[in-house]
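Below, each chain spelled out in residue letters.
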Amino acid sequence: MAAGAPRIFVSHLAGVAVFDPTGDQVGRVRDLVAMLRIGGRPPRLLGLVVEVLSRRRIFLPMTRVTGVESGQVITTGVLNVRRFEQRPTERLVLGELLDRRVRLVENGEEVTVLDVAIRQLPARRDWEIDKVFVRRGKKGGALRRRGETLTVDWSAVTGFSLEEEGQGAESLVATFEALRPVDLANVLHHLTPKRRGEVAVALDDDRLADVLEELPEDDQVEILGKLKEERAADVLEAMDPDDAADLLSELPESDKERLLTLMRPDDAADVRRLMSYEERTAGGLMTTDPIVLRPDATVAEALARVRLPDLSPALAAQIYVCRPPDETPTGKYLGTVHFQRLLRDPPYTLVSSIVDSDLPPLAPDTPLPAITSHLAAYNMVSAPVVDEGGSLLGAVTVDDVLDHLLPDDWRETGYQGPEEAARGE
């Protein structure tokens, strides 16, 4: 950014792509790092937290930023790939400053921080936070009149250096609204426990459920423990049954039973059934919500089910044909119809006429190595789990298998990209 260029509000930088001088993308901006200063002086912007393509978070000093324009950040191309670690004197701008309640110096009025603006100092490569965009009105309440927001100098507000017990998270949540659940989970993992809890409270049940499924177990237990019990039960209901069962298995027995009692009976029954199997078996890994159709269903009906947006790609890859009842555990399992086969046949075709009954199902006690071999041998992304009586119990998907094949801490350390693996990192 050239000297004298306009200010940039930090919410516009969240998720922005970072490029090297040759135009190759090296990552995305996940936060900004600032250092507060005494005497009302604007904080100095130290650098950016950049998530590189391997999902490792690194620190990019502002001295290595050559341009911030047109929704992109340009760097000198020199990156230190050591993992970012926040120091005690540093503040994360998106994670810690937004949504904070501060006071206007002029009259002591309490306001909420919606955004802050940064600028590059003239004739220098230093950056600072010089403006604060705030909203008047009581915390959590309606504004006293519409559009009651204003932009003030940093020196016109006070309270950024104080810990706040009930800092909101609405602006931070809105900033990361477009992130995939796995990326938002990565954001939460790197926040302080206090801030992580505040963001979790601000998310709706479905969004929080999706994010919890992508977090390490310690973070899952911590966040669930900060929710009111009724809401915790609602979030567990919104999670995939196998993920909810894994999370509940980490809790003390008394907490587990209390939450199961608060859940809807049907959802609790699915979770209890999954918890009855050994963890690293087909029964412990399966989901109880695959696509199940009766033999008289048509290809058109099957395609309509496959189109449901909440289905993962692995579950949408095939349907399972069973006798009634349609819910797991079903009636007699008849076979599988793959998505590609559905695309090749007329819409009025009955699924019973195109079912693949040659593919052997998995027993619920099938161990993880055998599941892996089964999926690899038959080139499958999911496989049916059938009990001794021939009823479909659920389906094991390749994403759940990979989750258990990777190291236990892979969500915390991030996976290795090709370049990191080549360097032996």
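Residues numbered from 1 in each chain as written. Predicted model: local features only at pLDDT ≥ 70, side-chain atom pairs only at ≥ 80, totals over all residues. Heavy atoms only, no water.

Trainee: What should I look at first to understand the packing of aromatic side chains in this one?
Mentor: Two aromatic rings are characterised by how far apart their centres lie and by the angle between their planes. As enumerated under the stated definition, the model contains three aromatic pairs in all. Note on Phe9 and Phe133: the rings are 6.4 Å apart at their centroids and 75° apart in plane angle, and the pair reads as edge-to-face. With a gap of 124 residues between them, Phe9 in strand E1 (residues 8-9) and Phe133 in strand E11 (residues 127-135) connect regions that are remote in the sequence. For Phe133, a relative accessible area of 24% gives the class partly exposed. Ring plane angle 25° and centroid distance 6.2 Å describe the contact between Phe59 and Phe84, whose orientation is recorded as stacked. One end of the pair, Phe59, is in strand E5 (residues 57-61); the other, Phe84, is in the loop between strand E7 (72-75) and strand E8 (90-92), with 25 residues separating them in the sequence. On the basis of relative accessibility, which here comes to 26%, the residue Phe59 falls in the partly exposed class. (Phe/Tyr/Trp six-rings, centres within 6.5 Å; stacked < 30°, edge-to-face > 60°. Helix = DSSP H or I, 4+ residues; strand = E, 2+ residues; numbered from the N terminus. Buried < 20%, exposed > 50% of the residue type's maximum accessible area, 1.4 Å probe, protein only.)

Trainee: I'm lost on the nonpolar core in this one. Help?
Mentor: Considering soluble globular proteins, one finds that nonpolar side chains tend to be buried as a cluster. Among the nonpolar cores identified, the biggest contains 88 residues, and Leu32, Leu48, Val93, Ile118, Val132, Leu236 and Val396 are the most heavily contacted of them. When sequence neighbours within four positions are dropped, the list of residues in contact with Val93 reads Val10, Asp31, Leu32, Ala34, Leu45, Leu98, Val116 and Ile129. With 14 residues, the next largest nonpolar core counts Val299, Ala316, Val321 and Ile354 among its residues. (Core = buried A, V, L, I, M, F, W, Y, C linked by side-chain atoms within 4.5 Å. Contact = heavy atoms within 4.5 Å.)

Trainee: What exactly am I supposed to notice about the environment of Leu172 here?
Mentor: Counting through the fold element by element, Leu172 comes out in helix H2 (residues 170-175). The spacing of Leu172 and Ser11 is 161 residues in sequence and 8.5 Å in space, taken between C-alpha atoms. Residue contacts for Leu172: discarding those within four places in its chain leaves Leu94, Gly95, Asp99, Leu191, Arg195 and Val199.

Trainee: Help me understand the environment of Asn186 in this model?
Mentor: Looking at where Asn186 falls in the secondary structure, it is placed in helix H3 (residues 181-189). If near-sequence neighbours (up to four positions away) are discounted, Asn186 is found in contact with Glu51, Arg55 and Arg57.

Trainee: Quick question: what am I supposed to make of the pattern of salt bridges here?
Mentor: Across all of its chains, the model carries 25 salt bridges by this definition. Of the charged contacts in the structure, one is a salt bridge between Arg30 and Glu51, with a shortest N-O distance of 3.5 Å. With Arg30 in strand E3 (residues 25-35) and Glu51 in strand E4 (residues 44-52), this residue pair connects regions lying 21 residues apart in the sequence. Judged on exposure class, the residue Arg30 and its partner Glu51 are both buried. Close ionic contact of Asp99 with Arg195 constitutes a salt bridge, the shortest N to O distance being 3.4 Å. On the criterion of sequence distance, the pair formed by Asp99 in the loop between helix H1 (93-97) and strand E9 (101-104) and Arg195 in helix H4 (residues 193-202) is long-range, its members being 96 residues apart. For the pair formed by Asp99 and Arg195, the shared burial category is buried. One salt-bridge network, held together by shared partners, links Arg7, Arg37, Arg119, Glu128 and Asp130. (Salt bridge = Lys/Arg side-chain N within 4 Å of Asp/Glu carboxyl O.)

Trainee: Is there a simple way to explain the side chain of Thr112 in this structure?
Mentor: Of note, Thr112 is situated in strand E10 (residues 110-120). Look at Thr112 and you get buried, because its relative accessible area is 7%. Among the polar contacts listed, one links the side chain of Thr112 to the side chain of Arg101, at a separation of 2.4 Å. Here Thr112 is in contact with Asp99, Arg100, Arg101, Phe133, Val134 and Arg135, once residues within four sequence places are set aside. (Polar contact = N/O pair within 3.5 Å; in protein donor to acceptor, adjacent residues only side chain to side chain.)

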